[in-house]
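Summary of structural features
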Amino acid sequence: MIQQPTQSRPTEREPDATRVRFRHRQRTGPTPATVSAPAAGSPRAQWADAAKGVCIVLVVLWHVVVKDYLQIDWHIGVPVPGFWGTLGEQFLPLRMPLFFTISGVFAANAVQRQWRLVVRGRIAGFLYLYAVWLLIHTAVLAAAPQLPTDRATSALGLLEQLTITPSNLWYLYALAVYFAIAKVTRRLPRALVLLPAAALSAVAAAGLLDTPGNRAGLYQNLVFFLAGLYLRPQIERWAATANHRRLVLTSGAYVLALAAMAVTGAQRWFGVWPAVSVLAVIFGITAAARLTSWSAFSDPLARLGRITLPIYVIHMPVLALLHRLLLVPVSGLGGSAQGVIVLGYPILLTGLVIGLSLAVHRALLAVRAGWLFALPGRRRVEATR
């Protein structure tokens, strides 16, 4: 998201996770909430949307595994639950760094707009969504105390999550902060912005900063958002020229880096985690670009990537209620019955959570609760290109 080509661009769009506008609201022109993205219908839009679709599936899958699956009393005699936990950990350097990199790519033009448009359409918009859904999460999670997740249990705790220690919804909080930083620093040399952001990521990943709640993610991912913002042309060229050989090389580099980090215990070594995450992002972009060759896979993922916001904000309350419903019955099943479901349980529950989240989203729009997904206000100032 910063060096702009001199030629004009076609009208562009962005996936829902990085905008506060939805298609159910009729617009006659671009709004402050519109983020410029690769042209609609182009291969670049397809790979970016597919990548975001993969990322949101990985987010939900990780929460399903850690917050539900591994809390069940499995008595089957084989380490299948441990396999799922280990597998989920391998995607930690990929999931959110890739998510934020593509969010940065989509934010390139938006950051160049006037301050009032950025504040209204981005900073205030994301903070509004964060605050509204934090209140909803707090209320719903109170009904599922067994779910192991961050939650506010007092007015002071809620105030802390609203201000300095973001909750499970920290992606929205981070986008507001990152847009503000990107706007303030837009005229500075890129190295003067990227290098401190990279240092902050390395310091936080090494455990050298106090990171209660989800502050670690907030500190570690700024550099990836800024990289997407500043390196958009290079990222688009990389995706456009991705080939099978490059996919093999990037996937091999990522796997070797994960193995080396695991063998040496280097996760907390200064700079190691961000470096592995960079390899993961390069692999993720390459894989997403190659995936567009198989429309049977890329089309559904791209559709999912364009509706990530409702999945992101709704899936945790849905998972909390399902956890309360399923924990005791599944834990009480006999070993043979558990053996039938233990391997596929995370996949089935992930699909169920995503499906229910989208159903809840449609129901909320049907009852005119679109204000839950966009900053209210009839009067919109149109963004100039």
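Before reading on, note that the structure itself is shown above.
Residues numbered from 1 in each chain as written. Predicted model: local features only at pLDDT ≥ 70, side-chain atom pairs only at ≥ 80, totals over all residues. Heavy atoms only, no water.

Side note on the overall build of the protein chain
Tallying secondary structure elements over the protein chain gives 16 helices and zero strands in all. Counting every position in the protein chain, which comprises 385 residues, the buried fraction comes to 52%. Carbon and sulfur atoms provide 66% of the accessible area of the protein chain, an area that totals close to 16900 Å². (Helix = DSSP H or I, 4+ residues; strand = E, 2+ residues; numbered from the N terminus. Buried < 20%, exposed > 50% of the residue type's maximum accessible area, 1.4 Å probe, protein only. Areas by Shrake-Rupley, 256 points an atom, 1.4 Å probe, with all protein chains shown as cover.)

Focus on the pattern of salt bridges
Counted under the stated rule, the structure contains two salt bridges. Arginine 306 is the salt-bridge partner of aspartate 49, the closest N and O atoms lying 2.9 Å from each other. Remark: arginine 306 occurs in the loop between helix 13 (295-305) and helix 14 (308-331) and aspartate 49 occurs in helix 1 (residues 43-67); sequence separation between them is 257 residues. The salt bridge partner of glutamate 236 is arginine 232, with a shortest N-O separation of 3.0 Å. Remark: arginine 232 and glutamate 236 occur in helix 10 (residues 232-240); sequence separation between them is four residues, near one turn of the helix. Glutamate 236 sits in the buried class, given a relative accessible area of 6%. Note on arginine 232: relative accessible area 3%, which makes it buried. (Salt bridge = Lys/Arg side-chain N within 4 Å of Asp/Glu carboxyl O.)

Observations concerning the environment of leucine 309
Note that leucine 309 resides in helix 14. Separated by 49 residues in the primary sequence, leucine 309 and leucine 358 have C-alpha atoms spaced 9.9 Å apart.

Some details on helix 9 (residues 215-230)
Here helix 9 spans 24 Å end to end across 16 residues, near enough to the 22 Å set by a 1.5 Å rise per residue. Along helix 9, 15 of the 16 residues are buried, which leaves the element largely enclosed by surrounding structure. (Expected span 1.5 Å × (residues − 1).)

Quick notes on unusual backbone geometry
Positioned with a positive phi, arginine 368 is a non-glycine residue whose angle comes to about 60°. The residue arginine 368 is located in the segment after helix 16 (345-366) in this model. With relative accessibility at 75%, the residue arginine 368 sits in the exposed group.

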